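Below are the chains, spelled out letter by letter.
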Amino acid sequence: MQTIHDTIIIDGQEIPFTKGQTIMDAALAARVYIPHLCHYPGLTPSGNCRLCTVDIGSKSVAACITPAAAGQEISNNTSALNDARKSITQMLFVEGDHICPSCEKTGNCKLQAMGYYLGVLEDHFPYFYQHREVDASHARILLDRGRCILCDLCVRASREVDKKNVFAIAGRGTEAHLIVNSSTGKLADSNIEPGDLAANICPVGAILIKEQGYQVPIGQRIYDQHTIQETGLQENSVKKNDD
Amino acid sequence: MGFSSPGLLRHCLFKVTGHRLRFCYCYFDFNPAILVSMMNPCLHNRSDPTHEHLLHRLYALQQQFLHISPESMHQVATEFNLPVSQVASVVAFYSFFHTQPCGRFHILFSNCTSCGYLEDGQNLMQMLCQQLQITPGKTRKDGLVSIDETSCIGMCDQGASLLINGVPVTRLNPDKIAQIAHLITAETALAYWPKAWFTVNDVVHKRNLLLSAHFLAGSALQKALIHGTDETLATVMQSDLCGRGGAGFNTGEKWQLCREASGNAHYVVCNADEGEPGTFKDRFLLRSQADAMFEGMTLCAFVTGAEKGFVYLRGEYRYLLPHLHSVLNQRRQQGLLGQHILGHATFNFDIEIVVGAGAYICGEESALIESLEGKPGIPRIRPPFPVTHGYLGQPTVINNVETLIAAAHIILQDGAWFRAIGTEKSAGSKILSVSGDCRLPGIYEYPFGVSIQQVLDDCGAQNVQAVQIGGPSGTLVGRTDFNCRTCFEDLSTAGSFLVFGQQRNLLAINRNFARFFAHESCGFCTPCRVGTQLLKNNLDKIADGRGTSQDLVEIKQLSHLLQRHSHCGLGHTAANHILDSLQRFPQTFEANLKQHFTASFDLDKALENARQITQRNDAAAHLD
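Residues numbered from 1 in each chain as written. Chains lettered and ligands numbered in written order. Predicted model: local features only at pLDDT ≥ 70, side-chain atom pairs only at ≥ 80, totals over all residues.

**Q** Would you mind going over the overall build of chain A with me for this structure?
**A** When its secondary structure is counted, chain A shows seven helices and ten strands. For 243 residues, the compact-globule estimate of 2.2 N^0.38 gives 18 Å, and the C-alpha radius of gyration of chain A, at 18 Å, lies within 12% of that figure. Per-residue burial over chain A gives 46% buried out of 243 residues. Within chain A, residue pairs in contact and separated by at least 24 positions form 63% of the contacts whose partners lie at least 6 positions apart. (Helix = DSSP H or I, 4+ residues; strand = E, 2+ residues; numbered from the N terminus. Rg over C-alpha atoms; globule rule 2.2 N^0.38 Å. Buried ≥ 20, exposed ≤ 12 C-beta atoms within 10 Å, placed from the backbone. Contact = placed C-beta atoms within 7 Å.)

This is the structure:
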């Protein structure tokens with residue numbers, strides 16, 4: 001049976017979608033990039049980072065959680081939206097401790113790559129310097145909450161793919177932080193394993209696999225060679241091939 | 001001894017003073033037994049824990065051990081068959097739960113601009129802290145007392161107020177603060193404190209449709225049962241009643257959408273989480289019109305086919321529980337709730353009250369549902385809306401207290417009775433909570449469309465600088481806008497009406513509101529979580545005399561970012577008061593700006609951490 005397509009329009013380009021797809025799904029399938037950090041193909045969308053905010057007429061919506069509807073005229077790659085995305089990226093930088101030169105995720109970090117993509121040249125806002133706990137209890141996996149951007153990807157990956165429910169987010173406002181679902185609240189007492197999606201999906205350096213940080217030299221890492229636009233579209237096609 | 005001791009209400013002393021204003025003093029009289037039961041939850045008849053609400057179970061543990069320990073969280077996780085991380089995230093989300101022990105006397109001062117601890121230039125919280133030798137936010141070493149501040153507790157017409165072990169103490173002044181310090185030092189149980197201190201005097205200055213009509217329990221239900229569901233719904237539709245919680249969605253339409261939505265069950269929820277600073281009309285309605293409110297819910301159940309209803313009561317109003325439970329019990333005895341309501345073979349409906357635990361965001365309907373489901377109050381992705389996917393994913397009507405009361409009156413009278421009052425797009429009357437710099441704070445009911453000036457005249461406000469309509473998330477207006485009308489087509493309000501006289505420092509008001517939003521942001525989305533904090537910091541910077549004109553540019557950009565990019569209404573509206581101030585009262589900010597180069601932060605203060613670590617405080621450890 002042939003799938004019946006409706007279409008939406010993103011920045012003047014007509015894009016087909018099927019019922020149930022979000023604007024993000026339809027855009028990625030058509031290889032149209034909408035910047036995002038908390039979206040990952042195959043996981044339930046959350047809508048927390050707000051980088052994927054697009055305009056439909058006078059209304060702004062997060063593309064990853066908004067259903068595509070026939071005839072929607074959507075603005076995505078505009079200077080106003082990219083300026084807002086840049087501010088949101090800077091907000092994520094100053095909320096945590098993101099000192100790229102001293103972070104082993106540098107070059108592989110999506111927040112850093114988003115900064116490159118959107119032309120972030122300075123932090124802009126004053127840093128919050130929050131005290132957030134590091135959990136080094138696990139033999140193979142490190143959790144540095146200072147770098148967490150609360151994107152919820154590890155929470156969803158653990159629950160939906162690993163079927164383990166290792167993580168949750170607790171606390172309100174800027175006190176929101178990642179917690180571990182174990183008797184002590186420590187990673188060592190959870191059933192997470194280095195092969196789990198939750199241990200590898202972190203877009204920043206908050207969850208790291210130990211003892212492999214510098215296996216790939218700086219200069220040869222993902223975002224030394226690709227833009228986040230390229231990897232964002234690639235992730236989606238890899239996921240599609242898996243299906 | 002439980003919460004539902006009947007006969008707590010001593011009604012009502014009517015006094016008529018001239019034709020314009022009519023007063024009704026209602027005293028809520030505290031039975032010492034309740035104070036004892038609120039302090040000693042072990043006395044509280046706890047039902048089977050598996051049927052208890054998670055928030056109630058955590059509250060009981062908090063009462064028993066004065067905090068919720070990791071062991072308690074594990075115990076609750078086992079009892080409720082939940083991941084311990086969910087229990088921990090709930091404990092961390094709600095302000096009234098603590099992971100460190102509180103004092104045996106736990107005091108929360110309201111920090112609202114109307115019922116807050118800054119009264120006549122005096123800091124009442126600081127006063128009590130000094131007298132008890134305690135730092136705010138920290139429990140005294142002997143475990144006797146802890147003092148902190150909390151968002152508006154809805155006592156804005158009662159003067160400066162606090163909650164002590166969950167019970168409001170109103171009309172604070174330096175003298176009372178000294179007496180409180182004395183009673184705490186002497187470890188006098190609350191039951192032996194002066195009863196008058198716990199009095200909440202509801203003063204009604206203006207009555208219109210709802211507050212002048214008489215309502216007999218069951219009367220609207222009887223009428224509805226005679227006319228059937230279709231006609232009952234049609235009556236609500238004809239009235240053009242729109243939600244009184246602020247959003248103003250058509251009530252009849254909401255009931256109809258829920259009724260038509262398919263599901264395993266339908267639910268009716270009353271939103272009694274009145275958290276907008278400056279709003280206290282639901283506090284009054286819950287006490288004086290509970291029957292009409294429960295009847296409104298029952299009527300909605302009749303129309304939608306719901307068999308279960310919830311009242312989500314804000315934690316600050318926990319002291320109203322005994323009264324609400326007694327009205328519910330009475331209605332059960334009268335056959336107005338339970339199985340076969342008024343003898344109708346298939347009409348079964350009952351109501352449970354769930355008490356929140358200090359989170360403004362739970363007034364947002366989808367966050368409220370999350371909270372009802374025992375989760376942190378993080379607003380859901382909408383659509384789908386609660387009318388189709390609400391509580392437990394089932395069709396759910398969520399209405400404000402005032403909306404449900406109006407619905408009950410409308411069904412008893414008729415749609416035209418209600419529609420005849422108000423403006424074209426705003427039918428009926430609106431109950432306002434008026435407070436701040438005015439002679440007659442209290443409850444005012446007007447036909448929709450009343451001008452701000454009229455309200456100011458009636459409440460005896462003079463030399464008014466500004467009015468905040470609809471609370472911090474609403475609109476700040478100045479003199480030139482006092483001809484505006486309160487209605488959906490002009491200035492919409494859920495009821496908060498804060499009056500600020502000429503003597504007020506508006507920057508201090510803006511800072512207060514900015515702090516409120518930073519504290520209440522749920523933390524889910526980046527623009528609101530970080531943006532509310534940045535706005536607060538920026539206003540603090542200007543007030544500290546370190547702001548420059550560039551800061552105003554920053555504030556505007558941030559405000560627009562929040563308005564457009566946040567996940568829910570909290571973020572969308574959190575910067576309204578700042579943009580209003582910038583537009584209508586530019587002097588508020590500009591007067592504080594520095595014309596020349598200024599360091600953006602206090603360099604010496606920034607070294608404090610280093611001084612503490614090195615345990616130094618000598619001259620060489622300071623700049624200058």
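**Q** Before we go on, may I ask you to explain the overall build of chain B in this structure?
**A** Regarding its fold elements, chain B presents 24 helices and 18 strands. Taking 2.2 N^0.38 as the reference for a compact globule, 624 residues should give roughly 25 Å; the C-alpha atoms of chain B span a radius of gyration of 24 Å, in line with that estimate. Projecting the C-alpha coordinates of chain B onto the three principal axes gives extents of approximately 85 × 55 × 50 Å. The buried share of chain B, reckoned over its 624 residues, is 51%. Expressed as a percentage of contacts within chain B between residues at least 6 apart in sequence, the contacts between residues at least 24 apart total 72%.

**Q** Even after reading the chapter, I still don't get the pairing of strand β3 (residues 105-110) of chain B, so can you show me in this structure?
**A** The side chains of a regular strand alternate between the sheet's two faces. Residues and elements named next belong to chain B. When you tally the buried positions in β3, you get six out of six residues, the bulk of the element. Because side chains alternate across β3, one face comprises the buried residues Phe105, Ile107 and Phe109, and the other comprises His106, Leu108 and Ser110, equally buried. Of the pairings in the sheet, the one linking β3 to strand β6 (residues 145-150) comprises six bridges and is parallel in character. Counterpart to Ile107 in the pairing with β6 is Ile147. (Pairing = 2+ DSSP bridges.)

**Q** What exactly am I supposed to notice about the pairing of strand β11 (residues 308-313) of chain B here?
**A** Residues and elements named next belong to chain B. Of all six residues that make up β11, five are buried, and the element is covered over most of its length. Relative to β11, strand β10 (residues 267-272) runs parallel, the two being bridged by six bridges. Within β11, the position partnered with Cys270 by the bridge is Val311. Bridge count between β11 and strand β12 (residues 350-355): six bridges; the pairing is parallel. The residue of β12 that forms the bridge with Gly309 is Ile351. Following the chain from β11 across helix α12 (residues 321-333) to the adjacent parallel β12, one finds a crossover that is right-handed. (Right-handed = clockwise from strand over helix to strand, strands pointing away.)

**Q** Sorry if this is basic, but what is going on with the sheet that holds strand β1 (residues 6-10) of chain A here?
**A** Within a sheet, adjacent strands bond to each other through the backbone by hydrogen bonds, running parallel or antiparallel. All names here are of chain A. One open sheet accounts for five strands, arranged β2-β1-β5-β3-β4; its pairing is mixed. The open sheet has two edge strands, β2 (13-17) and β4 (59-62), and neither has a second partner. Taken pair by pair, the neighbouring strands of this sheet meet at an average axis angle of 35 degrees, ignoring direction. Two elements, β1 and strand β5 (residues 73-75), share two bridges in a ladder whose sense is parallel. Considered in β5, the bridge of Ile10 is made with Ile74. (Axes fitted to C-alpha atoms, helices over the stretch in contact; angles between N-to-C directions.)

**Q** Help me understand the interface of chain B and chain A, please; the structure alone is not making it clear to me.
**A** Accessible area lost during the coming together of the parts is what is often quoted as the interface size. Across the contact, 28 residues belong to chain B and 26 residues belong to chain A. For the side of chain B that touches chain A, the elements supplying multiple residues, two or more each, are α4 (84-93), α17 (506-520), α18 (526-543) and α19 (549-565) of chain B. No other element matches α18(B), which puts eight residues into the side of chain B that touches chain A. Taken together, the residues that form the side of chain B that touches chain A break down as 14 nonpolar, twelve polar and two charged. (Nonpolar A, V, L, I, M, F, W, Y, C, P; charged D, E, K, R; others polar.)

**Q** What should I look at first to understand the sheet that holds β6(B) in this one?
**A** All names here are of chain B. Read across the sheet, four strands follow the order β6-β3-β7-β8 without closing on themselves; strand pairing throughout is mixed. What marks the edges here is a single partner per strand, and that holds for β6 and β8 (167-169). Going across the sheet, the axis of each strand differs from the next one's by a mean of 25 degrees, ignoring polarity. Helix α5 (residues 124-132) contacts β3 and β6 of the sheet and is inclined by roughly 170 degrees relative to β6.

**Q** Explain the packing of helix α11 (residues 290-304) of chain B against α12(B) to me, please; I cannot follow it from the model alone.
**A** What describes two packed helices is the angle between their axes and the distance between those same axes. Residue and element names in this part refer to chain B. α12 packs onto α11 with a crossing angle of 60 degrees between their chain directions and a minimal axis gap of 10 Å. With respect to α12, the element α11 is oriented oblique. Crossing of α11 over α12 shows right-handed handedness. Side by side, α11 and α12 meet where Ala290, Asp291 and Phe294 of the first sit next to His323, Leu324, Val327, Leu328 and Arg331 of the second. (Parallel < 35°, antiparallel > 145°, perpendicular 65-115°, else oblique. Left-handed = near helix turned anticlockwise from the far one by under 90°.)

**Q** I'm lost on the domain arrangement of chain B in this one. Help?
**A** All names here are of chain B. Here chain B is described as being made up of domain 1 (9-204), domain 2 (210-419), domain 3 (429-504) and domain 4 (507-590). The centre of domain 3, based on its C-alpha atoms, is set 22 Å off from the matching centre of domain 4. On the domain 4 side, the residues contacting the eleven residues of domain 3 number twelve residues. Mapped by element, the contributors of at least two residues to the side of domain 3 that touches domain 4 are β16 (464-469) and β17 (475-478). In terms of residue class, the side of domain 3 that touches domain 4 is made up of five nonpolar, five polar and one charged. (Domains from an automatic or database assignment.)

**Q** Help me out: how do you make sense of the domain arrangement of chain A in this one?
**A** Residue and element names in this part refer to chain A. By the assigned domains, chain A splits into domain 1 (6-78) and domain 2 (83-232). The centre of domain 1, based on its C-alpha atoms, is set 24 Å off from the matching centre of domain 2. In this complex, domain 1 contributes 14 residues to the contact, which on the side of domain 2 involves 19 residues. Its residues assigned to classes, the side of domain 1 that touches domain 2 comprises eight nonpolar, five polar and one charged.

**Q** So what exactly am I meant to see when it comes to unusual backbone geometry here?
**A** Backbone phi values are negative for most residues with the exception of glycine, while trans is the configuration of most peptide bonds. The step from Arg382(B) to Pro383(B) runs through a cis peptide bond, and the omega angle for that step is -5 degrees. Here the bond from Pro383(B) into Pro384(B) is cis, since omega is 0 degrees, no more than 30 degrees from zero. Along the chain, Pro384(B) turns up in the loop between α13 (365-372) and β13 (396-400). Positive phi values are uncommon outside glycine, yet Asp11(A) reaches one of about 50 degrees. Looking at the element boundaries, Asp11(A) is found in the loop between β1 and β2. With a phi close to 60 degrees, Asp240(B) is a non-glycine residue in the positive phi region. Note that Asp240(B) resides in the loop between α8 (219-239) and α9 (251-260).

**Q** How should the environment of Leu507(B) be read in this particular structure?
**A** All names here are of chain B. Of note, Leu507 is situated in helix α17. On the neighbour-count criterion, Leu507 (18 C-beta atoms within 10 Å) is partly exposed. Put simply, Leu507 and Gln63 are 444 residues apart on the chain and 38 Å apart in space, counted from C-alpha to C-alpha. For Leu507, the residues in contact, after removing those within four places along its chain, are Ile542, Ala543, Thr588, Phe589 and Asn592.

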